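# Overview (structure and organization)
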Amino acid sequence: MAEIQAHRDTSVVIVELESNEFFIIVSLSTTRDTQVIYIDPTTGALQYTARDGFDIFSSEDEALLFVTAGSHWLCKTTVHARAILGYAALGSFALLLVATKLVASIPELPGGGCVYTVAESQCIKINLQNPHPQYKGELKNIQDFADIDIDGKHYFCETRDITRPFPSAASILDPDEEFVWNQWLSSSFKEIGLQRHCVILLQGFAECRNFVDLKQQELVVALTARRSRIHPGTRYLARGLNSGCSTGNEVECEQLVWVPRTSAGRRFPFSVYLWRRGTVPIWWGAELKFTAAEAEIYISSEDPYRGAAQYYHRLSRRYGSRKGIENVQSSNMRSSQVPIICVNLLRSGEGKAESVLLQHFQESINEIKSSGKLADAQVYLINYDWHASVKLNGEARTVEGLWSKLKRPTIGIGFVVGEYTPLLEDIRDQDGLVIQNSGPGGGAFSLRTLQKGVMRFNCADSLDRTNAASYFGAVQVLVEQCQRIGHSINLDLGLNFLSKGDVDNTNGYVAPLPPGWEQRSDAVTGKVYYIDHTTRKTTWDHPCPDEPWRRFNMTVAQFKRATFPAPISALAELFLLAGDIHATLYTGSKAMHSHVIQIFNDDATKFKQFPAAQNMKITLQRRYQNVVVDSSRQKQLEMFLGMRLCKYLPSVSDKPLQVLSRHPAGFLKPVPNMFPSLSSGSDLLSFKSKDLIWVSPAADIMELFIYLAEPCHVSQLLLTISHGADDSSSPTSVDVRTGCTLDGLQLVVEGAAIPQSANGTKMIIPLPGVMSPEDVAVTGAGVRLGRHGKHNFPWLYDFEEQEGEINFLTRIVALTFYHSVAGRMPITLGEIEVLGVALPWRSIFADVDYTLKSLEHDNKVQDNYKTSPQQPLFSKSSSMPVVSLPDRNVMPVMQPSSSLGHGLDLLTGDFDFLPLKSQSEIEYNSGILTGENNAADEFSGHGFIGQTSPGSKAEISHPLQGGSSQIKGAADCYLSFLEQLCGSNMVPINASALIVYGYIFNGDSCSCVICCRTECLGTATMA
């Protein structure tokens, strides 16, 4: 796996220009270049073409200079951020979520990688130039979505996978989707090939603390909590199992202890312990009362245990032993089954509401065991009424009672112990499972022992009791983790209290030696001694003399006297913070009963002074949140995850449409204008011309023929109303025809009304037959709308379609505008945009570009032609812009507006701005004018492609006879440029197809590029 190095801090700059266009400039920490992502101002679709000097630059400053055209006056607003968290186009608005401030909550993991917590975020609301009709309810939902609070509750890592237990061998591009909360919000970046540019966002908690052992050697403990997104929601709206076989408030917790990096080339030991927490895994809920009374728990009446076996099966697959190593602590468990220990903290007293839930929990496990549905796991249930024990015995005795319940399963499950080796060649002599490091540090991890199985804690809500109980289980493991990696945190006080029977209860387990140590026996006496290869010293005493797991038999007071306080305090601080985060996400308030976690502190008594008053305050806050705010928070969560959007935003499609009428699209016939213009109508298709008022000469009707940028399915027509002082010049209706060829155009909209409106008003005309890219890929029947009439549903299959027919994609859109009254009068038009669904396999058409080859050849001809005295069309002083190679993904702000014809009428062959005196005869049959279509036309992304009828001859008469050089008409121009292109090699063409790639206008010259396609071989040869 390729090593990922962080060269710099990630930087994100969001630029808004005065033209209301948005650009995202991203400089990742793992790359050395900078990418520019363009947000389509109409649909909100992200655009990226991966072209150097266009949207790939060597630095952020260079990219910013290009976007702003070197002028800071063009920049309207600028937002600087540290990471992109997500993006969504929602009708008339787009939301870009970025992190503006990050905190390195875990600065460096073993093997490299920094975990960042989002400290401050910003949701940038972008107004799209799209009059998408949305109701007030939808607009409110979009605003609620924009107001979602994620600060301090979400985290990510740019360089390694942290969605799986550490150390993960998976690539960062292949996360576990159960824990990726911005899966939907990041899909837009994945579609344009920039998956890394939107971070993998996890919800929960991730922080670390440094501490020292008895020898003042530094260690680090990190607590990571990953919340599952399969059953998201608030307290009373997401409990128990759902159809995804996951429970509400489900969290995977990970306790990682390691020795920080001190020098290069050394091995660094580490240890990992995993557990779960969540609500009871059956179908149940609670009905909240408006009074202060406790919520009423109810069990589903229809198979309440469905999905429970699948839930445990998923846990067994995640926490089973990895192939190639067996956990030494699991010898007393069934080797073929993964132990899942459910520690249930529900109230069991008679009359308690939770007792019903407890009963069904037990019955669900019994049913799974008896049915044999779970062959790969063994589920155990440990019941421990936490609240009843605290009330009866006090907090200290409650903790001790919990330890007695947890001792045996904790020893059986164990935890991971391993080493990180920066150099791969040093890993060969290591025992155990070897995992190559996918992070930035290189090297590999060797795991000597593994955790098999998992402990799962639950109460009714997986909140306060769950957090406290999991802490007292984790603190026992922390002592053992430090011991196994060679760093003791044991004090001399209270070491001799353990009896012989207590030692036997550890199943005869002997602590392993720390890294670098070796055990040997004396050849004479047979006595065991130990060698420290690091210091080259020997000792008769075991370097880890403490008996394993002996603190499970201690009282709270004995544990406190026998354990170094620094790591215990550090872990308690992490659990307090994590408990508040989980409670806030689920209930909207902090955790209750948290003072018990401070039981090992010397000043723990001060935390007990006002627990009742504090808990009552939190209870009231929770009740208010649950009754008043929870429904709104639930909506925010579901929209953040992209769930139930049809409910919250019914008018918004799953994916934004694309504007397919922009460059390199153009008009097949120049659009007349009463005012001088060299664009021949191209300004009508440019976003840069929002204030354009195009005034055509007096006519009965106004016809426009738009050749789209690529084959597609058109869905909408977007018009911008523009007129002068009198709006009577605006058209009142429009007809829309679509098709692959001119003679195959089908009427899809007839007489669509255009109301009289103020200048700049936008109007959407929906076109029937909306389809997805996958639908377009399946068959073409759905787009042949003329045969089916005006139907709003896609027709995916048409069994009457002739075999081999491929005319199923639109390439030409014809618009006919009408006056309000009969008679000839000028018509004013504004910007015109055609929106649709492009091909899902667009990228394959950019591999071979025959138009590029044509232009390269043509440029050489034009260089000579510019110096020739024969300049029939333009003078040398002509300021006509050079037409660059068309690209389907060109962004309008970066590409000059240009027409495909620039005055050339591709329907008749005339030049509108030439005083034509005569025109020679020419016989040709263009594919644009006929229904005989070629497959290349459907899938060509550039230029125009035509075809003669099979078997016909293309007869070309040469008007330049007798040395005459006078150009009399468009046909003469055509033949003149053909002669310039072919020179002495010009001969009559007798071929099966004549493909015209288009007219090229560069500065002062004009030429025509053609391709003669031979009949026998079917190969293209440029003439």
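Below is a short write-up of the structure. Remember, it's a predicted structure, so these values are computed and weren't measured experimentally. Along each chain, the written sequence defines residue order, and numbers are assigned to residues from 1. Thresholds applied to this predicted model are a pLDDT of at least 70 for local features of residues and 80 or more for the giving and counting of side-chain atom pairs; totals over whole chains, interfaces and linings are not thresholded and use all residues. Hydrogens and water are ignored here; the side-chain numbers use all heavy atoms of the structure.

## Let's talk about the overall build of the protein chain
Secondary structure follows DSSP: runs of H or I at least 4 residues long count as helices, runs of E at least 2 residues long count as strands, and numbering of each begins at the N terminus. Helix and strand counts for the protein chain come out as 18 helices and 38 strands. Buried positions account for 57% of the 1023 residues belonging to the protein chain. Considering only contacts in the protein chain between residues 6 or more positions apart, those separated by 24 or more positions represent 71%. To be clear on the numbers: accessible area is Shrake-Rupley with a 1.4 Å probe, and residue cover counts the displayed protein chains and nothing else. Of the roughly 43,400 Å² of accessible surface on the protein chain, a fraction of 52% belongs to carbon and sulfur atoms. Burial classes: relative accessible area under 20% of the type maximum marks a residue as buried, over 50% as exposed, and values in between as partly exposed (1.4 Å probe, protein chains only). By the convention used here, residues are in contact when the closest approach between their heavy atoms is within 4.5 Å.

## Things to note about the sheet that holds strand 24 (residues 528-532)
Strand order across the open sheet formed by three strands is 23-24-25, with antiparallel pairing between neighbours. What marks the edges here is a single partner per strand, and that holds for strand 23 (517-521) and strand 25 (537-539). Adjacent strand axes in the sheet meet at a mean angle of 30°, parallel and antiparallel pairs treated alike. Strand pairing requires that DSSP identify at least two bridges connecting the strands. Summarising the sheet, strand 23 and strand 24 pair through five bridges and their orientation is antiparallel. The partner of Trp517 across the bridge, within strand 24, is Asp532. Working convention: axes come from line fits to C-alpha atoms, limited for helices to the stretch in contact. Angles between N-to-C directions cover 0 to 180 degrees.

## What to know about the pairing of strand 9 (residues 115-127)
Across 12 bridges, the pairing between strand 8 (residues 93-106) and strand 9 is antiparallel. Looking at the pairing, Val103 lines up with Thr117 of strand 9. Here three bridges tie strand 9 to strand 10 (residues 154-157), and the two strands are oriented antiparallel to one another. In the strand pairing of strand 10, Val115 is matched with Cys157.

## Considerations on a negative patch on the surface
Without a salt bridge and with relative accessible area above 30%, a residue can belong to a patch; like charges are then joined within 9 Å and nonpolar side chains (Val, Leu, Ile, Met, Phe, Trp, Tyr) within 5 Å. The salt bridge criterion pairs a side-chain nitrogen of Lys or Arg with a carboxyl oxygen of Asp or Glu, the two atoms within 4 Å. We treat Lys and Arg as the positive residues and Asp and Glu as the negative residues; His and chain ends play no part in the count. The atom standing in for a charge is NZ when the residue is Lys, CZ when it is Arg, CG when it is Asp and CD when it is Glu. Taken together, the side chains of Glu302, Asp303, Glu363 and Glu367 present a region of like negative charge at the surface. Examined against the element boundaries, Asp303 turns out to sit in the loop between strand 16 (296-299) and helix 4 (308-319). Asp303 sits in the partly exposed class, given a relative accessible area of 42%.

## Side note on the environment of Asp144
Note that Asp144 resides in helix 2 (residues 136-146). Those residues in contact with Asp144 that lie beyond four places of it in its chain are Lys635 and Gln636.

## Some thoughts on helix 7 (residues 395-413)
It helps to recall that an α-helix has 3.6 residues per turn; residues three or four apart then point in one direction. How far a helix is expected to stretch is found by multiplying one less than its residue total by 1.5 Å. In a regular helix each residue adds 1.5 Å, so 19 residues correspond to 27 Å; helix 7 covers 26 Å between its end C-alpha atoms and thus fits that length. Across the chain, bend at a residue is computed as the angle between axes fitted to the seven residues ending at that point and the seven starting from it. Of all the bends in helix 7, the greatest, near 45°, is centred on Leu406, and the proline Pro409 appears no more than four residues after it. Counting buried residues in helix 7 gives 14 out of 19 residues, a clear majority hidden from the surface. Count one or two residues on from helix 7 and you reach Gly414, which has phi positive near 75°.

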